[in-house]
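If you want the building blocks of each chain, they are given just below.
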Amino acid sequence: MKGVITKIQRLSIHDGPGIRSVVFMKGCNMRCAWCHNPETFLRKPEIERLENKCIQCLECIKVCEPKALFVNNGKVHFDASKCTQCMECSEVCYSGSMHKIGEYHTIDSLFKQIELDLPFFAKSNGGVTFSGGEPLIQHQFLYECIQYLRSKSIHICIESNFSMKWETIEKFLPLVDHWLIDLKLMTSVEHKKWTLIDNDKVLQNIKKLDSTGNSYELRTPLIPSVNDNDKEIQKLIQFVSSLENCTNYQLNPYHTLGNQKYKNLGLENPFEIENEINRADFETWNKQLQQYRK
């Protein structure tokens, strides 16, 4: 069995306790308008064009049968709508401009990279965090992979939007040490508007997880013109305050670091004109959390 992974980020300190290896898995069932990882939308490998790396050698033009690559005004251009993801351009691109995102990994090939960090896990009480995309999209591979890592006594976290079937989540409960759950919006209509799915299942699953006593925390991305208002923040805090076993709840400020990724992939960026959230505004909303923490 193989899984599709975009990257493995080593020595992370923000995705669970201790020093961690974060495995970013490809594929997501949501389309959050503010997402800064659009390369994880599709489950299969795909091409992105890193224009600043192009040396205009034109080798990619020679192998691109669908004509997704073409020359205009002496420069190579990429029409992502015509790309069939055959990956031939990436194989002949000397400079790495035509970059393949997503690699198929077996459990063994994944562990060969993770085991490099085992000494850091031991010293810091760290481990492996599976993120995405939505890692539970690849739940069959993920389940077998986590079973193997647990046999090596490695601490496991999963970062999830928690919109999957409870039956899928439930089978992971004995294997996962800690969950990092994204709670984006409380209003179902608004949730569907901005992510393309409603949040009914998300809220139900959080309540079910809370009743099991398993370790988890909630995180909300604070997005300009979406949930940065008193009404939505109060609803979020009220919901979190009703839970008994949530270990932490925090707001994460929106940033624009993903803007270039949309251009590289030839995708429209719904939030291209939005600026990062004002720090003073963020601190104002963050103070609201004191009500929950008390």
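Whatever comes next refers back to the structure up there.
For clarity, every value in this text was computed on a predicted model and none was experimentally measured.

A. Representation of unusual backbone geometry. The amide bond that connects Gly-132 to the next residue, Gly-133, takes the cis arrangement and shows omega of 10°. Along the chain, the position of Gly-133 falls in the loop between β8 (127–131) and α5 (139–151). Positive phi values are uncommon outside glycine, yet Met-87 reaches one of about 75°. You can see Met-87 is positioned in the loop between β5 (75–78) and α2 (88–92). Non-glycine residue Ser-153 carries a positive phi angle of around 60°. Looking at where Ser-153 falls in the secondary structure, it is placed in the loop between α5 and β9 (155–160).

B. Quick look at the layout of surface pockets. Of the voids in this model, the largest pocket is the one considered here, and its volume is about 1,400 Å³. Estimates place the volume of the second largest pocket at around 220 Å³. Along the walls of the second largest pocket sit Arg-49, Leu-50, Glu-51, Asn-52, Val-76, His-77, Phe-78, Ala-80, Gln-260, Lys-263, Asn-264 and Gly-266, which together make up its complete lining. When residues of the lining of the second largest pocket are traced back to their parent elements, those giving at least two are β5 and α10 (259–265). In terms of residue class, the lining of the second largest pocket is made up of 4 nonpolar, 5 polar and 3 charged.

C. Layout of the environment of Leu-243. Looking at the secondary structure, you find Leu-243 in the loop between α9 (230–241) and β12 (246–253). Residue Leu-243 is classed as buried on the basis of its relative accessible area, which comes to 11%. Along the sequence, Leu-243 and Asp-210 sit 33 residues apart, while their C-alpha atoms lie 6.5 Å from each other. If near-sequence neighbours (up to four positions away) are discounted, Leu-243 is found in contact with Ile-206, Asp-210, Tyr-216 and Leu-218.

D. Region of the structure containing the nonpolar core. One finds Phe-130, Trp-179, Ile-206 and Leu-218 to be the most contacted residues of the largest nonpolar core, which totals 66 residues. Beyond its immediate chain neighbours, meaning those up to four positions away, Ile-206 contacts Phe-162, Ile-181, Leu-183, Tyr-216, Leu-218, Phe-239 and Leu-243. Counting residues in each nonpolar core, the second largest holds 13 residues, with Cys-54, Cys-60, Met-87 and Cys-89 among its members.

Analysis parameters
Residues numbered from 1 in each chain as written. Predicted model: local features only at pLDDT ≥ 70, side-chain atom pairs only at ≥ 80, totals over all residues. Heavy atoms only, no water. Helix = DSSP H or I, 4+ residues; strand = E, 2+ residues; numbered from the N terminus. 1 Å grid on protein atoms, 1.4 Å probe; cavity = no way out; pocket = protein on both sides within 12 Å on 5 of 7 lines; lining within 4 Å. Points joined across faces, edges and corners; volume = space filled by probe spheres on them. Nonpolar A, V, L, I, M, F, W, Y, C, P; charged D, E, K, R; others polar. Buried < 20%, exposed > 50% of the residue type's maximum accessible area, 1.4 Å probe, protein only. Contact = heavy atoms within 4.5 Å. Core = buried A, V, L, I, M, F, W, Y, C linked by side-chain atoms within 4.5 Å.

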